[in-house]
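Inside the fold
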Amino acid sequence: MGQALFDSGFEKRRLKLLNSLAMGLLKAGARMGVGGKQGRDISVQVGRTTVTLSLDHPTAKPNRQGEWQTRPGPADTLRLTIGIGGTGLEYRSVWQDADDAKLEVS
């Protein structure tokens, strides 16, 4: 049997950060939803506004079939992208790990 989807150091760190975000958002009255087989379909409902999130490695992209893959290996660079406005993204903000500051402490 193969390795579990979220068993790598990278995926464990990613899921821990997503959980922290979800708990903070819930306290603020917003709700996070995470879907898709690899947990890459992330959205937040803030009132009547849907906000999309992406939390992954900066080079991560879906394959030709539009499917995302989990990332094996150690916990390395994460990038958080927040967007409003669907595929055209009217607003987008990006945070990324730096050598001296991880997303968890930024």
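Scope of this entry: the structure provided in the associated data block.

How each quantity is defined
- Numbering of residues starts from 1 in each chain and follows the order in which that chain's sequence is written.
- Side-chain atom pairs in this predicted model are given and counted only at pLDDT of 80 or more, local residue features only at pLDDT of at least 70, and totals for whole chains, interfaces and linings cover all residues.
- Water and hydrogen atoms play no part in the side-chain values, which are based on all heavy atoms of the structure.
- In this scheme, strands are said to pair when DSSP sees at least two bridges between them.
- The helix count covers DSSP runs of H or I at least four residues long, the strand count covers runs of E at least two residues long, and both are numbered beginning at the N terminus.
- A fitted line through C-alpha atoms serves as each axis, taken over the contacting stretch for helices, and the angle formed by two N-to-C directions is quoted from 0 to 180°.
- Should any heavy atoms of two residues lie within 4.5 Å, those residues are counted as being in contact.
- Using only the protein atoms, space was sampled on a 1 Å grid; points where a 1.4 Å probe fits but cannot get out form cavities, open sets with protein on both sides within 12 Å along at least five of seven lines form pockets, and lining residues are those with an atom within 4 Å of a point.
- Grid points are joined across faces, edges and corners, and a volume is the space filled by probe spheres set on the points.
- Under this grouping Gly is polar, as are all residues other than the nonpolar Ala, Val, Leu, Ile, Met, Phe, Trp, Tyr, Cys and Pro and the charged Asp, Glu, Lys and Arg.
- The rule is short: rings of Phe, Tyr and Trp, with Trp giving its six-membered ring, pair when the centres are within 6.5 Å, and they are stacked under 30 degrees, edge-to-face over 60, tilted in between.
- Only when the NZ atom of a Lys or the CZ atom of an Arg is both within 6 Å of the ring centre and within 35 degrees of the ring normal do we say a charge sits over the ring.
- Throughout this description, the term salt bridge denotes a Lys or Arg side-chain nitrogen within 4 Å of a carboxyl oxygen of Asp or Glu.
- Throughout this description, buried means an accessible area under 20% of the type-specific maximum (1.4 Å probe, protein chains only), exposed means over 50%, and partly exposed covers the range between.

1. Things to note about the sheet that holds strand S2 (residues 41-46)
- Reading across from one edge, S1-S2-S3-S4-S5 is the order of the five strands in this open sheet, with antiparallel pairing throughout. Each edge of the open sheet is held by one strand with a lone partner, namely strand S1 (31-35) and strand S5 (91-96). With direction set aside, neighbouring strand axes in the sheet form an average angle of 20°.
- As paired elements, S2 and strand S3 (residues 49-56) share five bridges and run antiparallel to each other. By the bridge assignment, Val46 is partnered in S3 with Thr49.
- The strands touched by helix H1 (residues 9-27) within the sheet are S1, S2, S3 and strand S4 (79-84), with S3 carrying the most contacts at an inclination of about 155°.

2. Description of the layout of surface pockets
- Computed from the structure, the second largest pocket encloses a volume of approximately 160 Å³.
- Considering the residues around the second largest pocket, the lining is formed by Ser20, Leu21, Gly24, Leu25, Val44, Val46, Val51, Leu53, Leu80 and Ile82.
- Mapped by element, the contributors of at least two residues to the lining of the second largest pocket are H1, S2, S3 and S4.
- The element best represented in the lining of the second largest pocket is H1, accounting for four residues.
- Among the residues forming the lining of the second largest pocket, the class breakdown is eight nonpolar, two polar and no charged.

3. Focus: the packing of aromatic side chains
- For the structure shown, the criterion picks out zero aromatic pairs.
- The side chain of Arg71 reaches across the aromatic face of Phe10, ending 5.6 Å from its centre.

4. Comments concerning the pattern of salt bridges
- Taken as a whole, this structure holds seven salt bridges when the rule is applied.
- Of the charged contacts in the structure, one is a salt bridge between Asp7 and Lys12, with a shortest N-O distance of 3.7 Å.
- Looking at Lys12, the relative accessible area reads 48%, which means it is partly exposed.
- A salt bridge links Arg14 to Glu11, with the shortest nitrogen-to-oxygen separation between them at 3.6 Å. Here Arg14 pairs with Glu11, and both are found in helix H1, just three residues apart, close to one helical turn. Here the two residues Arg14 and Glu11 agree in accessibility, since each one is buried.

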